[in-house]
Amino acid sequence: MVSTSSAVNWPPIDGIISDLDGVVYRGSTAIADAIEAFARWRKAGVPFCFVTNNSTHTPEDVVRKLTGFGLAIAPSQVVTSAITAAELIRTNYPELTKVYVIGAPSLVTAMREVGLEVTDRSPEVVVMGLDRDITHEKMRIAVEAILNGAVFIGTNPDLLLPTANGFEPGAGATIAAVAAATQVQPSIVGKPHVPMIETALSRLGTNRASTIMIGDQVPTDIQAGKKAGLATVLVTTGVPMRQDPSQMAPDFIVSSLRDIEVSAARAARPQQRRA
Ligand SMILES: [Mg+2]
């Protein structure tokens, strides 16, 4: 059921997971209401964590950007698809150590930071993200490794990315090429899949029943939040909303993050739960 921002009965909100692009900023421009809202929530003691399908930026890159907008956060408050892929390998395949990476330097960094060896020699895992220097040779190495039994992980399924002048292929397009060649489907960690949301939830340490997911896109943010069992809030500051009856609808729709009543919800609950 969709509620609009007027006369909304907001549920108790103990934690917030939020998308970045289209919610907190658009490109290099801050969305003022959003910066103010997060600053207010921090003051109220509500923990929040940002999630982004973009594997080409490190959490530190995001921290620098938000600090520039006047919102100081810690790197641990940013979960990228690169960070999620690294943590997923560590959790689900603790015995595997050798990873072949097609992606940006930030994806390589994320793997190394969890102790994985990044190599093209007999890799046990192939991780693919957006690589603007992708070559046929890189794809050959990935294909061969996967055919030899390597685990296949993709950062995010985005097929098409908007640019200043038009579009470029996203990580999902090249991941799809390797999947087609090998006939092996990758595990995708980014939205609309749930692993990134689960990583953010564990960082927050909040109960999923009182944690909300904020995003500007129904096909990615809202689906990921719903699949993870969170109440979802669509903010209409990003891409225009497309009606698609095959997709789960957001629980709430707001035109500004100002409309989300977090402190009121918490004030009504004298006993604050800590996970
Ligand atoms: Mg977005």
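What you see is a predicted model; the values in this text were computed from it and never measured.

With that settled, the discussion passes to the overall build of the protein. Scanning the protein for helices and strands turns up nine helices and 16 strands. Taking 275 residues into account, the globule formula puts the C-alpha radius of gyration at 19 Å, and the protein, at 19 Å, falls close to it. Its C-alpha atoms give the protein principal-axis dimensions of about 55 × 40 × 35 Å. Within the span of the protein, comprising 275 residues, buried residues form 49% of the whole. Accessible area of the protein: about 12700 Å², with a carbon and sulfur share of 53%. On the protein, the mean spot of the 24 positive side-chain charges and the mean spot of the 26 negative ones are 5 Å from each other.

With that settled, consider the coordination of the magnesium ion. Protein coordination at the magnesium ion: the donors are Asp19 (OD), Asp21 (O) and Asp216 (OD), at 2.0 to 2.1 Å from the metal. Motif for the magnesium ion, donor spacing along one chain: D-x1-D-x194-D. Overall, the relative accessible area of 44% leaves aspartate 21 in the partly exposed class.

To continue, consider the packing of aromatic side chains. Enumeration according to the criterion identifies six aromatic pairs in this entry. Seen from their ring centres, phenylalanine 38 and tryptophan 41 are 4.9 Å apart, and the 80 degrees between their planes marks the pair as edge-to-face. Residue phenylalanine 38 and its partner tryptophan 41 are both found in helix α1 (residues 32-43); the two are separated by three residues, about one turn of the helix. A residue is classified by how much of its surface remains accessible, and tryptophan 41, at 0% relative accessible area, is buried. Seen from the ring of tyrosine 25, lysine 65 lies directly overhead, with NZ or CZ sitting 3.9 Å from the centre.

Before going further, it helps to examine helix α6 (residues 171-182). End to end, α6 covers 17 Å across twelve residues, agreeing with the expected 16 Å (1.5 Å per residue, within 8%). Here α6 has its buried residues at Ala171, Gly172, Thr174, Ile175, Val178, Ala179 and Thr182. For α6, the angular spread of the buried residues around the axis is 165 degrees, confining them to a single face.

Glancing now at the side chain of serine 18. Assignment of secondary structure puts serine 18 in strand β2 (residues 15-18). Judged by its relative accessible area of 0%, serine 18 falls in the buried class. Contact partners of serine 18, with chain neighbours within four places excluded, come to Val23, Phe38, Cys49, Phe50, Val51 and Ile214.

Moving on: the sheet that holds strand β7 (residues 98-102). Strands sit in the order β8-β7-β9-β10-β13 across an open sheet of five strands; the sheet is parallel. Since the sheet does not close on itself, it has two edges, and those belong to β8 (117-118) and β13 (187-188), each with one partner. The pairing of β7 with β8 spans two bridges and is parallel. Pairing of valine 99 across the sheet is with valine 118, part of β8. Along the sheet, helix α4 (residues 105-113) makes contact with β7, β8 and β9 (125-128), crossing β7 at roughly 165 degrees.

So, about the packing of helix α3 (residues 81-92) against helix α7 (residues 195-204). At their nearest, the axes of α3 and α7 sit 9 Å apart, and the two run at 85 degrees to each other. By the angle between their directions, the pair α3 and α7 is classed as roughly perpendicular. Between α3 and α7, the residues in contact are Ser81, Ile83, Thr84, Glu87 and Leu88 and Pro195, Met196, Thr199 and Arg203, respectively. Here the contact of α3 with α7 is composed, by residue class, of four nonpolar, three polar and two charged.

What counts and what doesn't
Just so you know, the residues in each chain are numbered from 1, in the order the chain's sequence is written. The model is predicted, so local features are restricted to residues of pLDDT at least 70 and side-chain atom pairs to those at 80 or more, both for listing and for counting; the totals for chains, interfaces and linings are taken over all residues. Derived side-chain values reflect all non-hydrogen atoms in the structure, with water molecules and hydrogen atoms excluded from consideration. Here a strand is any run of E in DSSP of at least two residues, a helix any run of H or I of at least four, and the numbering for each starts at the N terminus. In this description the radius of gyration comes from C-alpha coordinates, and the expected globular size is given by 2.2 Å times residues to the power 0.38. Per-residue accessibility, obtained with a 1.4 Å probe over protein chains only, is compared with the maximum for each type, and a residue is labelled buried under 20%, exposed over 50%, and partly exposed between these values. Where accessible areas are quoted, they stem from the Shrake-Rupley method and a 1.4 Å probe; at the residue level, only the protein chains shown are allowed to cover. When charges are counted, neither His nor the chain ends are considered; positive counts come from Lys and Arg and negative counts from Asp and Glu. By convention, charge coordinates are those of NZ in Lys, CZ in Arg, CG in Asp, or CD in Glu. Only nitrogen, oxygen and sulfur atoms qualify as donors, provided they sit within 2.8 Å of the metal or within 3.2 Å for Na, K and Ca; with water excluded from the atoms, sites may seem incomplete. Centre distance within 6.5 Å is the pairing criterion for rings of Phe, Tyr and Trp, where only the six-membered ring of Trp is used; planes under 30 degrees apart are then read as stacked, over 60 as edge-to-face, and the remainder as tilted. We count a charge as sitting over a ring when the NZ of a lysine or the CZ of an arginine lies within 6 Å of the ring centre and within 35 degrees of the ring normal. The span you would expect from a helix comes to 1.5 Å times its residue count less one. An arc is given here, and it is the one of the directions from the helix axis to the C-beta atoms. Any pair of residues with heavy atoms lying within 4.5 Å of one another is described as a contacting pair. Paired strands are those between which DSSP finds at least two bridges. As a rule, the C-alpha atoms of each element are fitted with a line to give its axis, helices using only the stretch in contact, and angles between N-to-C directions run from 0 to 180 degrees. Between 65 and 115 degrees an angle is taken as roughly perpendicular, under 35 as roughly parallel, over 145 as roughly antiparallel, and anywhere else as oblique. Residues are grouped as follows: nonpolar covers Ala, Val, Leu, Ile, Met, Phe, Trp, Tyr, Cys and Pro; charged covers Asp, Glu, Lys and Arg; every other residue, Gly included, is treated as polar.

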